[in-house]
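# Residue-level structure breakdown
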Amino acid sequence: MHFDAFDRYHEKESFLHKLDPRVKVLVTVIFIVSNALLPDGAWLAFILAWLFVVVANVISKLGIGFTLKRSIIALPFALIAITVLFSIPGEPLYTFNFLSSQLTITDNGLLRFVSILIRSWLSVQMAILLVAVTRFPDLIHALEHLRVPAILTTIIAFLYRYLFVMTDEVFRLIRARESRSGGVAGRRSGGGVLWRAKIAGNMVGQLFLRSFERSDRIYNAMVARGYAGHLYTLNAHEMKSYDYFATAFAIGLIFILQVIGRL
Amino acid sequence: MLLSPAPLHIPDGFLSIVVSIICWVITIVTLYFAISKTNQALGEKQIPLMGVMAAFIFAAQMINFPVAGGTSGHLLGGALAAIVLGPWAGMLVMTAVIALQALLFQDGGLVVMGANILNMGLITAAIGYGLYRSVSSQSKAVKLGVAGFAAWLSVMAGALFTALQLWLSGTSQLNIVIPAMMGVHALIGVGEALITVAALSFIMQTRPDLLGEGSESAKGSRNWIYAGGIISLFVVLISPFASGDPDGLERVAIDMGFIDAGQDAPYSIIPDYTLPFLGETALSTILAGIVGIVVVAVIMVLVGRGLKAKS
Amino acid sequence: MPVTHIQNTFTQPETSNDVLSVNDLHFSYPDGHAALHGVSLKLCSGDKVALVGPNGAGKSTLMLHLNGILNGKGEVEISGKRLTRDNLPAIRAMVGLVFQNPDDQLFSPTVFEDVAFGPLHMGLTEDEVRARVDNALEAVKMTAYKDRLSHHLSVGEKKRIAIATVLSMNPSLLVLDEPSAGLDPRARRTLINLLRELPITMLVSTHDMALVKELFPRTIVMDEGKVVADGLTQDILADEAFLNQHGLEKP
């Protein structure tokens, strides 16, 4: 069994796909930092930042609305920011009754709320694009080159490799649970919450032991091929001239965005 | 989303840059220690072990169980990881999981990743391990009880820190976000506690050697008891204060310059602002619950230590 | 492909002809369970030998001794080199051990990284490593898979890449654990053809008696930690009573 849901890379022949992964990681992070730095209500800058995303989409050949379609995932979190609508003083815009209390949306509150959503929405699109045009192993190499400690990148590499194997195991466990939890008509099936939690906990324990044993076998396979405590990797990504130009160009654009946002 | 066990994965855009950076600094310093400690103690086997364990935590987060009304219990795993792998390795494993979720699935942002690692990976591990370690030589029942409480409290701590960061960023109103986050996570934490206890009890039965003497779990320094205890205490003290007297906390933050630094669009906070629909009663109920459980836990730990001192 | 044998036997000491020589090997697990009771066997250059026996016979334990993952009492020599702590790295480069589950063998995100792991840890230069990877993938006819992600491979493909991960170390002995387990008929056939063509000494542990009959002229039978038979495959397979006694079946 194989879960396509975990594959975020979209194979295409585009300039963005070809760029060095370091460049893509750096530009993505700088773009997101820039969003966080833009003041509330910097509408022109927001629009330009959005254009930046759209153009990146087009260059990637994934389609102009590629990241737009996938960008709703951060929306539920917006709930947490909803209070700023009412809490920031300003001109009242709209007053309504909610659970016997009167709430007033202010213009400043609305401004802040919308700004937070836009920042988040732009940022998440860039992050989506990053993994759509970069193979995850290359992303790990980029982190290595960017001085993320080897122990962390190694753990992430193992995690990525065994994510698929483990989730297969989880689904087998869940299927086994479901196939054994048939219900009798007219009767509530399954035990209480405690009992169900215990089953889930047993599955977690089971999975832990299997993982533990697997790590032993992997260790043997590594030792058999010469591993002696130190890991060597070979991930020569070479920065080409166009990589440098692209970085400079993107950073320049983002800088201009910041200037416009502060005018 | 399937992969998100609790609404603790903050997306980019919700934290101000200052708060993001402060969290990154704390996270990086902690990880620096975690890495150097792990490198010192590193058996050759640790690398594949931590890698596979990260995949285990990731996969275990997908195992859910129906609670009621369409909601389901999940595992976050920070406490469990720290208890079975030792605190430093547990932190590294959780960091890898959170980083991959953010990078690959955009489950949590990139620039705010420092905060997410801090909330879900570091604090949870410190509390989980610290409290568990304090009773590590007690009977199985005591260990499981404390582990369950630690798992619950670790989720509460994650929620509290998330709420505080949102508030410092000017994204949420303190007197709403704290009770809301803590209230929701008081329930989610119960799922965490139940699964953690059941999983640990399963491991204790089938492979007692993995948690017994000489295991990574037993090797952690006793200082963790204090670290975990202090963070727990912070959670326990600050939550009632923040919910009951948010203005007080805000005054402290303003006095210390946090608010102005944290919120890039500074605005004055309405004094005495209250939302009646949350009401004093709802707050006090939550508070009473927290205080009650905390008292029980403190007693348990003290009794545990007393018993140990005797033997 | 014909197998090349070493020609000048008389100018060298007798042992150098043996790619593998195991002498009176004993081993008990830490829990006290004795897995090997005095195992002795020899493989000549070019030998392709099947290792059969019921589960728990000690086959896997024996294999883990061949490049020093386990250390029992007794002697293990690879091409005349005694296995000791000091020459462990050299021995590990000479013995290519392929484990049963390819998901344990392939632990890197990409095929390239996995096949390069062995040569990299032998301390070869980048150019050498890349050349080794290309050769190994060509040997298992998987050149086009170099940049693939491991989790995208089918079981049969994983098995072949797993073999490439040790071929890249240019081993003088290939040790395979259950290579045909879990394969569908077509993947199994591809694997059999591959094993037949590989010009390398191999010891293959398997329950697949049809594979034994088809591919291996010589068979070693293990049971309860001992070698109970070592001879021509056709002779061993002909003795049905003996096979039954050791939990095996005639194909």
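Rules behind the numbers
Here, residues in each chain are numbered from 1, in the same order as that chain's written sequence. As they are written, the chains are lettered A onward and the ligands numbered 1 onward, keeping that order. Totals for whole chains, interfaces and linings use every residue, but because this is a predicted model, local features are given only for residues with pLDDT of at least 70 and side-chain atom pairs only at 80 or more, for both listing and counting. Excluding hydrogens and water, the side-chain values take into account all heavy atoms of the structure. Pairs of residues are marked as contacts when any of their non-hydrogen atoms sit within 4.5 Å. Two parts placed together each lose some accessible area under a 1.4 Å probe, and the buried area is that loss summed for both. Definition used for salt bridges: Asp or Glu carboxyl oxygen within 4 Å of a side-chain nitrogen of Lys or Arg. Within 3.5 Å is the distance limit for a polar contact, defined as a pair of N or O atoms, with the added protein rule that one can donate a hydrogen and the other accept it, and that residues adjacent in sequence qualify only through two side-chain atoms. Going along the chain from the N terminus, every DSSP run of H or I of four or more residues is numbered as a helix, and every run of E of two or more is numbered as a strand. Buriedness of a pocket was judged along seven lines, with at least five required to meet protein on both sides within 12 Å; pockets are open sets of points on a 1 Å grid over the protein atoms alone, cavities are sets where a 1.4 Å probe fits but cannot get out, and lining residues have an atom within 4 Å of a point. Grid points are joined across faces, edges and corners, and a volume is the space filled by probe spheres set on the points. When residue character is reported, Ala, Val, Leu, Ile, Met, Phe, Trp, Tyr, Cys and Pro are called nonpolar, Asp, Glu, Lys and Arg charged, and the others, Gly included, polar. Here, any two strands with at least 2 DSSP bridges between them count as paired. Between N-to-C directions, angles cover 0 to 180 degrees, with each direction set by a line fitted to C-alpha atoms, over the stretch in contact for helices. To form a nonpolar core, buried Ala, Val, Leu, Ile, Met, Phe, Trp, Tyr and Cys residues must be joined to one another through side-chain atoms within 4.5 Å. Think of it in three bands: with a 1.4 Å probe and only protein chains considered, a residue is buried below 20% of the maximum accessible area for its type, exposed above 50%, and partly exposed in between. In this entry, domain limits derive from an automatic or database-based domain assignment. Values of pLDDT, the confidence the predictor places in each residue, fall between 0 and 100.

Glancing now at the interface of chain A and chain C. At the interface, 29 residues of chain A touch 36 residues of chain C. Of the roughly 2700 Å² buried where chain A meets chain C, counting both sides, 60% is carbon and sulfur surface. Summed over the three residues of chain A that lose the most area to chain C, namely R161, R225 and L234 of chain A, the buried surface amounts to 33% of that side. If you look at where chain A meets chain C, you find four salt bridges. Applying the counting criterion to the chain A and chain C interface returns 13 residue pairs in polar contact (both at pLDDT 80 or more). Residue assignment for the side of chain A that touches chain C shows that the elements contributing at least two residues are α7 (136-145), α8 (150-180) and α9 (193-224) of chain A. Per element, the largest residue contribution to the side of chain A that touches chain C is eight residues, and it comes from α9 of chain A.

With that settled, the discussion passes to the layout of surface pockets. Rolling a probe over the atoms, with the probe sized like a water molecule, indicates the empty space that remains. Empty space within the largest pocket amounts to approximately 1200 Å³. As for the largest pocket, its lining consists of 48 residues, of which N220 of chain A together with L64, I69, L70 and F99 of chain C are closest to the centre. Of all the secondary-structure elements, those providing two or more residues to the lining of the largest pocket are α9 of chain A together with α1 (59-66), α2 (88-94) and β6 (95-98) of chain C. For the lining of the largest pocket, the per-class residue count stands at 22 nonpolar, 14 polar and twelve charged.

Time to look at the sheet that holds β6 of chain C. All names here are of chain C. An order of β6-β7-β8-β3-β9-β10 is seen for the six strands of this open sheet, with the pairing classed as mixed. The sheet terminates laterally at β6 and β10 (226-232), the two strands that pair on one side only. Ignoring which end each strand starts from, the neighbouring axes of this sheet average 15° apart. Bridge count between strand β9 (residues 218-223) and β10: six bridges; the pairing is antiparallel. From the neighbouring strand, V221 faces β10, where its bridge partner is A229. Contacts from helix α6 (residues 155-167) reach β6 and β7 (173-177) within the one sheet, and its direction differs from that of β6 by about 160°.

So, on to the interface of chain A and chain B. Of the residues lining the interface, 84 residues belong to chain A; the matching set on chain B comes to 77 residues. Here chain A and chain B share an interface that buries about 7100 Å² over both sides, 80% of which is from carbon and sulfur atoms. By the criterion of area lost to chain B, the three top residues of chain A are F77, I151 and F208 of chain A, representing 10% of everything that side buries. When the shortest N-O distance is used, the salt bridge between D216 of chain A and K45 of chain B registers 3.1 Å. Our count for the chain A to chain B interface comes out at five residue pairs in polar contact (both at pLDDT 80 or more). Secondary structure elements with two or more residues in the side of chain A that touches chain B: α2 (21-37), α5 (84-87), β2 (101-106), α6 (107-133), α7, α8 and α9 of chain A. Here the element with the most residues in the side of chain A that touches chain B is α9 of chain A; it accounts for 23 residues.

Membership of the largest hydrophobic core comes to 192 residues, with the highest contact counts inside it found for L163 of chain A, L100 of chain B together with L20 of chain C. Of all the elements, helix α6 (residues 140-168) of chain B adds the most residues to this core, at 19 residues. Taken domain by domain, the makeup of this core includes at least three residues from each of domain 1 (8-134 + 239-261) and domain 2 (145-181 + 191-224) of chain A. Not counting residues within four places of it along the chain, the set of residues in contact with L163 of chain A comprises F6 of chain A together with A55, F58, L100, L104 and F105 of chain B. If you look at the next biggest cluster of nonpolar residues, it comprises 49 residues, including L234 of chain A together with V166, L176 and F242 of chain C.

Moving on, we come to the sheet that holds strand β1 (residues 18-28) of chain C. Spatial ordering of the open sheet is given by β2-β1-β4-β5 (chain C), a layout of four strands whose pairing is antiparallel. At either end of the open sheet lies a strand with only one pairing partner, and these are β2 (34-44) and β5 (81-82) of chain C.

Right, let's get into the domain arrangement of chain A. Taken as a whole, chain A is organised into domain 1 (8-134 + 239-261) and domain 2 (145-181 + 191-224). Once you take the C-alpha centre of each, domain 1 of chain A and domain 2 of chain A turn out to be 34 Å apart.

The next thing to look at is the confidence of the model for chain C. Residue and element names in this part refer to chain C. Scored by pLDDT, chain C comes out at a mean of 88, with 94% of its residues at no less than 70. This model gives residues 1-15 a pLDDT under 50, and the stretch forms twelve contacts once residues within four places in sequence are excluded. If you check the scores for this complex, the pTM reads 0.86 and the ipTM reads 0.91.

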